[in-house]
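What follows is each chain in one-letter form.
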Amino acid sequence: DVHLLRGEAHFDVAHDEQRPFIVKVANNTVTAVGTAFNVQITSAENLELLVTDGKVLVKNKQDNNRSSAIAESSYPPDGLGELMIAGQKAVISQQSIQQLTLSNEQVQSDLAWQQGMLVFHGEPLSEALKEISRYTSINFTLADDQVKQRRVAGYFKAGDIQGLLFALKNNFNITYSKRDDQTIVLSSGV
């Protein structure tokens, strides 16, 4: 059993039906027997599951906690749930499971963190900074609503704050100032 408390992890599980591999994420459970998948906690009660090899059965378990259960199997044992295959992604909350089919390029983009890269495809800066903050102790403050909504795209090296600030200034006209050693204020360029 593995308990994922925060962040993101990729698991590649050898096939052994007698010894299932179980990952517990908040109120969710991922059980695998011979598959590979990526799990990312996106908030206290939400997660994303990306199947990179094999099959995963996704169930929305209606119990007192309204939690979701995710179990891997080559066949659905009780016929309930959604069977996911390699290249499919589920966005899971307490209320729903949204299933998406990704292209190979989208799968590689989602797994870029394993090579130390962060990829953005036009997300608001406020959302991109949540991901960037996972890889640094620097705190970012957004000075105005305009900069919060500024959409950013590109490949960024995780933890490379100077490279990030250079790209934001030159490509997105976002300026910065340092409040102290651990705080950077970002604002719309004039």
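Details of the structure are given in the entry above.
What this report covers is the structure whose coordinates are included nearby. On a predicted model such as this, the values are computed, not experimentally measured, just so you know. (Residues numbered from 1 in each chain as written. Predicted model: local features only at pLDDT ≥ 70, side-chain atom pairs only at ≥ 80, totals over all residues. Heavy atoms only, no water.)

### A short note on the packing of aromatic side chains
Note the following rule: When two rings of Phe, Tyr or Trp (its six-membered ring) have centres within 6.5 Å they constitute a pair, described as stacked for plane angles under 30 degrees, edge-to-face for angles over 60, and tilted for the intermediate range. Helix and strand assignments follow DSSP, with helices taken as H or I runs no shorter than four residues and strands as E runs no shorter than two, numbered in order from the N terminus. Accessibility here uses a 1.4 Å probe with only protein chains present; expressed as a share of the type maximum, an area under 20% marks a residue as buried, one over 50% as exposed, and anything in between as partly exposed.
Across all of its chains, the model carries three aromatic pairs by this definition. Ring geometry for Phe11 against Phe21: centres 5.3 Å apart, planes inclined by 55°, an arrangement best described as tilted. Placement of the pair is Phe11 in strand β2 (residues 8-12) and Phe21 in strand β3 (residues 21-25), with a sequence separation of ten residues. Judged by relative accessible area, Phe11 falls into the buried class, the value being 12%. Phe21 sits in the partly exposed class, given a relative accessible area of 25%. Between Phe11 and Phe37, the ring centres sit 5.5 Å apart and the planes meet at 40°, which makes this aromatic pair tilted.

### Some thoughts on the side chain of Asn38
We apply this condition: Polar contacts, as used here, are pairs of N or O atoms within 3.5 Å; protein pairs need one atom able to donate a hydrogen and one able to accept it. Residues neighboring in sequence count only if both atoms are side-chain atoms. Any two residues whose heavy atoms approach within 4.5 Å at even a single point are treated as in contact.
Positionally, Asn38 belongs in strand β5 (residues 36-41). Looking at Asn38, the relative accessible area reads 4%, which means it is buried. Side-chain polar atoms of Asn38 contact the side chain of Glu8, separated by 2.7 Å. In this view, Asn38 contacts Glu8, Ala9, His10, Glu48, Leu49, Leu50, Leu111, Trp113 and Gln114; residues no more than four positions away in its chain are not counted.

### Concerning the layout of surface pockets
What counts is decided by this rule: Cavities and pockets are found on a 1 Å grid laid over the protein atoms alone: a cavity is a set of points where a 1.4 Å probe fits but cannot escape, a pocket is an open set with protein on both sides within 12 Å along at least five of seven lines, and a lining residue has an atom within 4 Å of such a point. Grid points are joined across faces, edges and corners, and a volume is the space filled by probe spheres set on the points. Residues are grouped as follows: Ala, Val, Leu, Ile, Met, Phe, Trp, Tyr, Cys and Pro are nonpolar; Asp, Glu, Lys and Arg are charged; all remaining types, including Gly, are polar.
Considering only enclosed or pocket space, the largest pocket measures out at about 960 Å³ in volume. Considering the residues around the largest pocket, the lining is formed by 30 residues, among which Gln40, Glu48, Lys89, Glu123 and Glu131 are closest to the centre. Counting only elements with at least two residues in the lining of the largest pocket, the list comes to β5, β6 (47-53), β10 (88-92), α1 (104-110), β12 (117-124) and α2 (125-132). Sorting elements by how many residues they give to the lining of the largest pocket places β12 first, with six residues. The residue makeup of the lining of the largest pocket, split by class, is twelve nonpolar, seven polar and eleven charged.

### Considerations on the sheet that holds β2
Threshold: For two strands to be treated as a pair, DSSP must find no fewer than two bridges joining them. Axes here refer to lines fitted to C-alpha atoms; in helices the fit is confined to the stretch in contact. Angles between the N-to-C directions go from 0 to 180 degrees.
Reading across the sheet, the five strands line up as β2-β5-β6-β10-β11 and stay open at both edges, with antiparallel pairing between neighbours. The outermost strands of the open sheet, each flanked by one partner alone, are β2 and β11 (97-101). Adjacent strand axes in the sheet meet at a mean angle of 15°, parallel and antiparallel pairs treated alike.

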